[in-house]
Number of protein chains: 4
Amino acid sequence: MKNDNIARLLISCPDRPGIVSAVSSFLYSHGVNITELAQHSTDPEGGDFFMRLEFQTPYMDVSASTLEKAFDEVVAERFGMNWRISYAKPRKKTAILVSKFDHALYELLWLWKRGKLQTDISMVISNHDDLRAPVEAFGIPFHHVPVDPANKEASEERIVELLEGNADLVVLARYMQILSGELVSRYPRRIINIHHSFLPAFAGADPYRQAHDKGVKVIGATAHYVVEELDAGPIIEQDVARVTHRHSVEDLKDLGRDLERQVLARAVKWHLEDRILLYGNRTIVFK
Amino acid sequence: MKNDNIARLLISCPDRPGIVSAVSSFLYSHGVNITELAQHSTDPEGGDFFMRLEFQTPYMDVSASTLEKAFDEVVAERFGMNWRISYAKPRKKTAILVSKFDHALYELLWLWKRGKLQTDISMVISNHDDLRAPVEAFGIPFHHVPVDPANKEASEERIVELLEGNADLVVLARYMQILSGELVSRYPRRIINIHHSFLPAFAGADPYRQAHDKGVKVIGATAHYVVEELDAGPIIEQDVARVTHRHSVEDLKDLGRDLERQVLARAVKWHLEDRILLYGNRTIVFK
Amino acid sequence: MKNDNIARLLISCPDRPGIVSAVSSFLYSHGVNITELAQHSTDPEGGDFFMRLEFQTPYMDVSASTLEKAFDEVVAERFGMNWRISYAKPRKKTAILVSKFDHALYELLWLWKRGKLQTDISMVISNHDDLRAPVEAFGIPFHHVPVDPANKEASEERIVELLEGNADLVVLARYMQILSGELVSRYPRRIINIHHSFLPAFAGADPYRQAHDKGVKVIGATAHYVVEELDAGPIIEQDVARVTHRHSVEDLKDLGRDLERQVLARAVKWHLEDRILLYGNRTIVFK
Amino acid sequence: MKNDNIARLLISCPDRPGIVSAVSSFLYSHGVNITELAQHSTDPEGGDFFMRLEFQTPYMDVSASTLEKAFDEVVAERFGMNWRISYAKPRKKTAILVSKFDHALYELLWLWKRGKLQTDISMVISNHDDLRAPVEAFGIPFHHVPVDPANKEASEERIVELLEGNADLVVLARYMQILSGELVSRYPRRIINIHHSFLPAFAGADPYRQAHDKGVKVIGATAHYVVEELDAGPIIEQDVARVTHRHSVEDLKDLGRDLERQVLARAVKWHLEDRILLYGNRTIVFK
């Protein structure tokens with residue numbers, strides 16, 4: 001029940017004195033209790049300021065829409081803020097796209113079932129039918145949308161149709177198809193992909209083979225927001241594992257699966273808890 | 001020059017609504033610009049609240065002492081706060097105690113020389129004379145205070161005499177003598193020790209041998225504040241390294257030296273930047 | 001098919017010159033092809049020597065039993081070796097004991113299904129019935145053996161009965177009951193447990209709470225062979241994760257689940273591939 | 001004294017049965033005691049085989065040159081081996097090239113002084129004179145060889161002259177000049193460089209700024225052998241550290257220094273102990 005009343009305020013604006021005071025006093029004056037506060041300034045003089053506040057609203061003296069309107073007028077305009085308030089309820093809807101690899105999918109479903117992801121999973125879409133049974137066993141709708149290379153548009157249209165109104169977040173959990181720029185543009189900063197390398201190293205196809213050929217001693221995985229340019233969106237999270245000459249390409253893939261599922265799960269969790277702000281092509285993550 | 005005006009406000013108090021608003025508005029009203037703010041609540045309902053603000057004072061409209069007095073009356077009393085303001089200038093004075101191992105000492109001296117530790121190193125004290133030359137080469141006074149097991153009191157008296165007025169912080173950089181409770185009580189939460197194990201495992205003597213005998217696969221080092229009970233003070237920082245059956249006790253010591261110097265350096269840095277608060281026997285580190 | 005012919009020779013003996021030559025020449029003379037070789041000496045002079053060879057037997061010129069007999073006579077006696085040859089086929093049988101936590105169990109089942117564990121999983125036994133459905137979905141027999149505190153002997157008798165002939169390895173995947181010394185003695189060095197702390201720190205109950213109370217900055221998990229003394233058996237593998245004051249006990253448990261499943265999976269994998277030798281209460285792991 | 005008799009045999013050849021047997025029996029027959037043995041096969045069928053043996057020679061029944069000649073005739077030819085024997089005594093000579101950054105240099109000097117590097121450091125060469133005093137304090141010759149952009153050839157000639165006969169290994173400990181292809185070709189696989197990024201990401205100049213701009217969450221350092229193509233030689237060792245949006249470029253550089261000195265020190269140590277073999281553009285490191 002406590003969670004029902006949680007909201008998060010995300011702010012970015014030019015840094016200058018008085019921001020924390022103005023924001024916190026405004027919220028306090030409306031009966032709001034701040035439970036988490038994190039801020040970051042790229043430079044106190046002439047830099048950019050970022051802030052995330054989590055607060056509870058059971059004793060708020062006005063409606064959410066009134067609070068938002070007042071905040072805009074009283075605080076945001078004065079400081080030239082980009083801002084939004086996100087409410088924990090109703091929960092965000094997440095759609096997962098997957099191909100045949102199941103590890104990243106299972107991790108998300110398992111965490112979700114244990115109540116560790118603040119979302120409803122609205123559907124799983126796959127270009128293969130292999131994972132239908134385990135997904136449906138979780139009580140989640142599974143849609144098989146085959147991709148015909150000769151007619152990718154038709155598949156994408158079907159995906160768009162399925163997502164429409166059912167996805168605040170789209171997660172590519174090792175979905176082995178490239179989304180069109182048009183589809184990407186429908187979900188700006190709301191599509192998270194897991195790439196199986198330590199980006200920007202080894203962008204593109206078959207990164208574990210690239211890593212093996214190069215003889216690196218550490219491999220990685222990268223969760224990032226999807227933008228039109230392939231593998232170039234803002235990085236949310238990365239992690240790495242040590243490897244040696246003893247690891248074959250197959251071994252790297254096995255090790256990498258562990259990295260991929262954990263890195264993706266963390267990125268999705270932070271997105272759902274509104275912990276991620278964007279600063280150009282970089283992310284600020286208030287974890 | 002910018003650094004000269006830096007101050008930090010550290011607060012702990014029972015958590016309740018309005019703290020951030022009260023503190024930030026007070027500072028803003030006095031022309032103070034908050035450049036860093038971190039907070040932590042153990043529980044928004046009935047828990048404890050901790051806060052660290054770093055701010056710049058060039059445009060402050062009152063003197064430091066007036067600001068402190070006003071803060072106490074206007075804010076601190078109302079919320080039942082434990083608090084203190086620490087100023088970056090004058091810099092804290094640090095005394096380092098060492099025996100024969102040089103790695104942790106060198107790390108501190110090297111960081112200090114590169115301007116990475118916000119302190120003046122007032123002296124190095126050792127129960128051996130071995131490290132005199134390298135210490136003096138840094139332009140730092142070196143005091144050889146031998147410890148006669150039959151008369152430890154005399155040595156301690158000499159140390160107390162040397163430290164008197166010259167040490168805001170005492171760092172035990174692998175000082176192989178146990179300080180008396182009386183000496184410890186003179187520097188509450190101002191003595192940092194590096195212990196060469198992953199405390200609370202392997203407290204006491206010869207931890208690398210203990211770790212080797214036990215066959216652990218990970219070794220560690222722990223920086224902690226010194227309290228009367230040996231190796232039991234609040235942990236500031238820990239780090240670990242993987243080991244295998246191939247590592248001899250000597251190998252563990254070599255690996256451990258790397259951990260020790262880094263862990264100690266981080267703890268000392270955080271202490272000097274007033275990033276550490278205490279919560280019972282635990283630390284809150286706003287890094 | 002290649003895997004069908006794999007065997008591993010594990011040796012421990014006093015170190016002295018000529019061991020590698022004698023062993024490798026013996027195997028070569030019988031048409032055996034060594035594909036992996038690892039050795040470790042605690043000290044070339046007066047120390048102990050450990051060796052693991054993996055070899056393929058398609059062109060072996062004698063039967064397995066003849067080879068073993070000859071090895072004993074020709075090589076092992078001469079060097080005073082403890083040794084055994086383990087064959088990849090038939091695969092070892094593994095029984096998993098579990099309570100209500102599913103993470104370590106799922107990890108093992110998922111790896112097994114992907115062909116990453118060289119074993120047949122003969123059964124899962126639990127003192128609760130909760131995990132029956134997912135286990136049976138994997139096609140693995142599930143046995144619910146409730147534990148009545150007033151009559152633990154009856155439960156253990158039932159477990160012994162189930163395991164009899166069906167378990168070369170017993171894995172305690174967060175099984176929350178303490179096995180009797182009698183049961184442990186039936187499976188010397190063939191029961192692997194996952195303990196949710198960085199042993200020897202925080203042995204016993206509720207280690208995450210102990211870790212939280214102590215304010216450690218790193219938590220860990222430990223996979224070890226079970227011996228009669230609780231949490232004191234030879235450590236096979238450990239891993240750790242960094243934590244801060246922000247982590248609640250519940251957060252530590254979440255983080256810890258990740259460690260536990262990975263650490264246990266690695267230990268089980270190495271055991272099944274005969275990569276672990278014992279040296280007193282320590283392990284030699286040729287990974 | 002024990003160390004004086006240590007030698008290492010490094011082998012690479014096509015994999016086929018009988019190699020271990022032939023090599024170990026040959027050595028044993030000449031009174032040589034193998035103290036370490038590591039091997040690696042890229043594929044037992046049709047792959048490449050690599051082996052490192054460390055052995056002690058006090059009871060060897062022939063001279064080193066006779067042993068080598070016999071090994072070539074009796075063993076190496078039969079298996080088509082590339083091989084060499086390297087003797088711990090006389091110790092290899094190492095020359096260090098450095099510019100103004102001191103961290104990697106100090107780490108090497110400190111480890112060397114503690115006896116952890118099996119080498120004599122014959123000289124330090126720098127294009128600046130800044131580090132003369134600390135280097136000479138270690139009793140090591142320091143040569144200031146300024147680099148005039150208009151006449152780089154003259155500087156290189158001077159360096160070549162200094163190195164001639166005095167360097168089995170050349171270490172670039174953050175030497176900020178690019179060596180000519182001609183100089184590189186004089187020391188094939190005997191020049192080790194530390195690059196301050198996780199190669200192949202961020203090759204070239206100012207990698208910490210590149211990493212910061214890209215918003216990566218992990219930074220790294222890479223030790224590699226120098227080849228003509230810049231930053232493209234075989235990778236010996238890498239390590240990484242986690243970073244967040246809070247780290248400025250300057251912070252990355254500070255963190256990076258820790259990585260650089262450790263990664264370089266490990267690579268140098270392994271080279272000096274003859275633990276590194278080359279396999280195309282990759283390294284096999286028998287650590």
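Predicted model only: the values in this text are computed from it and were never measured.

1. Regarding the sheet that holds strand β5 (residues 92-98) of chain A
Residue and element names in this part refer to chain A.
- The strand order across the open sheet built from seven strands is β7-β6-β5-β8-β9-β10-β11, with neighbouring strands paired in mixed fashion. Each having just a single partner strand, β7 (142-144) and β11 (235-242) make up the two edges of the open sheet. Between one strand axis and the next, the sheet turns through 20 degrees on average, direction left out of account.
- When β5 meets strand β8 (residues 169-172), the two strands line up parallel, connected through four bridges. Residue pairing in the sheet places I96 in a bridge with V171 of β8.
- Those strands touched by helix α3 (residues 103-113) are β5, β6 (119-126) and β8, and its axis lies near 155 degrees from that of β6.

2. Focus: the relation of the copies chain B and chain D
- Each copy of the sequence occupies a distinct position, and chain B is placed on chain D by a rotation of 180 degrees and an axial shift of 0.0 Å, giving an RMSD of 0.0 Å. What the rotation and shift describe, once combined, is the action of a two-fold rotation axis.
- Most of the interface of chain B is mirrored in chain D: 100% of its interface residues are interface residues there too.

3. A look at the side chain of S41 of chain A
Residue and element names in this part refer to chain A.
- Relative to the helices and strands, S41 resides in strand β2 (residues 33-41).
- The exposure class of S41 is buried, given its relative accessible area of 15%.
- At 2.5 Å, the side chain of S41 forms a polar contact with the side chain of D15.
- A distance of 3.2 Å separates the side chain of S41 from the backbone nitrogen of D43, its partner in a polar contact.

4. Comments concerning the packing of aromatic side chains
- Taken as a whole and judged by the stated rule, the model has 14 aromatic pairs over all chains.
- Here the aromatic rings of F71 of chain B and W83 of chain B are separated by 5.0 Å at their centres, their planes lie at 70 degrees, and the arrangement is edge-to-face. Linking F71 of chain B in helix α2 (residues 64-79) with W83 of chain B in strand β4 (residues 82-87), this pair joins segments that are 12 residues apart in sequence.
- Residues F50 of chain D and Y279 of chain D carry aromatic rings whose centres are separated by 5.0 Å and whose planes lie at 70 degrees to one another, so their mutual orientation is edge-to-face. Highlighted residues: F50 of chain D in strand β3 (residues 48-56) and Y279 of chain D in strand β12 (residues 276-279), separated in sequence by 229 residues.
- Given the relative accessible area of 2%, F50 of chain D is considered buried.

5. Considering the interface of chain A and chain D
- Facing 32 residues of chain A, the contacting portion of chain D comprises 32 residues.
- Between the two partners, chain A and chain D, sit four salt bridges.
- Put simply, D239 of chain A and R242 of chain D hold a salt bridge, and the shortest N to O gap is 3.4 Å.
- Top contributing element to the side of chain A that touches chain D by residue count: β11 of chain A, with seven residues.
- Among the residues making up the side of chain A that touches chain D, the classes are represented as 14 nonpolar, eight polar and 10 charged.

6. Considerations on the interface of chain B and chain D
- Contacts between the two partners involve 13 residues from chain B, matched on the other side by 13 residues from chain D.
- Summed over both sides, the interface of chain B with chain D buries roughly 1,100 Å², with 37% coming from carbon and sulfur.
- At the boundary of chain B with chain D, the tally comes to eight salt bridges.
- The closest approach of N and O atoms between R114 of chain D and D254 of chain B, which form a salt bridge, is 3.0 Å.
- Between chain B and chain D we count eight residue pairs in polar contact (both at pLDDT 80 or more) in total.
- Put simply, the parts of the chain that give the side of chain B that touches chain D at least two residues each are α3 (103-113) and α8 (249-272) of chain B.
- It is α8 of chain B that contributes the most residues to the side of chain B that touches chain D, six residues altogether.
- Counted by class, the side of chain B that touches chain D contains two nonpolar, two polar and nine charged residues.

7. Regarding the sheet that holds strand β10 (residues 218-225) of chain C
Residue and element names in this part refer to chain C.
- Reading across from one edge, β7-β6-β5-β8-β9-β10-β11 is the order of the seven strands in this open sheet, with mixed pairing throughout. Whereas interior strands pair on both sides, the edge strands pair on one side only; in this sheet they are β7 (142-144) and β11 (235-242). Neighbour-to-neighbour, the strand axes of the sheet open up by a mean angle of 20 degrees, direction not taken into account.
- Note: strand β6 (residues 119-126) against β7, three bridges, orientation parallel. For S126, the partnering residue across the bridge sits in β7 and is H144.

8. A few points about the UniProt feature "domain: ACT" (unreviewed entry) in chain A
- Within this numbering scheme, the UniProt entry marks residues 8-81 of chain A as carrying the feature "domain: ACT" (unreviewed entry).
- The straight-line gap between the two end C-alpha atoms of residues 8-81 of chain A is 15 Å; of that span, 36% is helix and 34% is strand.

9. Observations concerning the relation of the copies chain A and chain D
- Take chain A, turn it by 180 degrees, move it 0.0 Å along the axis, and it overlays chain D with an RMSD of 0.0 Å.
- Most of the interface of chain A is mirrored in chain D: 100% of its interface residues are interface residues there too.

10. A look at the pairing of strand β8 (residues 169-172) of chain D
Residues and elements named next belong to chain D.
- The alternating pattern of β8 places L169 and V171 on one face and V170 and L172 on the opposite face, and all of these are buried.
- Examined bridge by bridge, β8 and strand β9 (residues 191-195) share three bridges and lie parallel to one another. The residue of β9 that forms the bridge with V170 is I191.
- Taken together, β8, helix α6 (residues 181-186) and β9 constitute a β-α-β crossover, and its handedness is right-handed.

Conventions used here
- Residues numbered from 1 in each chain as written.
- Chains lettered and ligands numbered in written order.
- Predicted model: local features only at pLDDT ≥ 70, side-chain atom pairs only at ≥ 80, totals over all residues.
- Heavy atoms only, no water.
- Pairing = 2+ DSSP bridges.
- Helix = DSSP H or I, 4+ residues; strand = E, 2+ residues; numbered from the N terminus.
- Axes fitted to C-alpha atoms, helices over the stretch in contact; angles between N-to-C directions.
- Contact = heavy atoms within 4.5 Å.
- Least-squares fit on C-alpha atoms with pLDDT ≥ 70 in both.
- Buried < 20%, exposed > 50% of the residue type's maximum accessible area, 1.4 Å probe, protein only.
- Polar contact = N/O pair within 3.5 Å; in protein donor to acceptor, adjacent residues only side chain to side chain.
- Phe/Tyr/Trp six-rings, centres within 6.5 Å; stacked < 30°, edge-to-face > 60°.
- Salt bridge = Lys/Arg side-chain N within 4 Å of Asp/Glu carboxyl O.
- Nonpolar A, V, L, I, M, F, W, Y, C, P; charged D, E, K, R; others polar.
- Buried area = accessible area lost by both parts, 1.4 Å probe.
- UniProt positions renumbered as here; feature names shortened; annotations may be inferred.
- Right-handed = clockwise from strand over helix to strand, strands pointing away.

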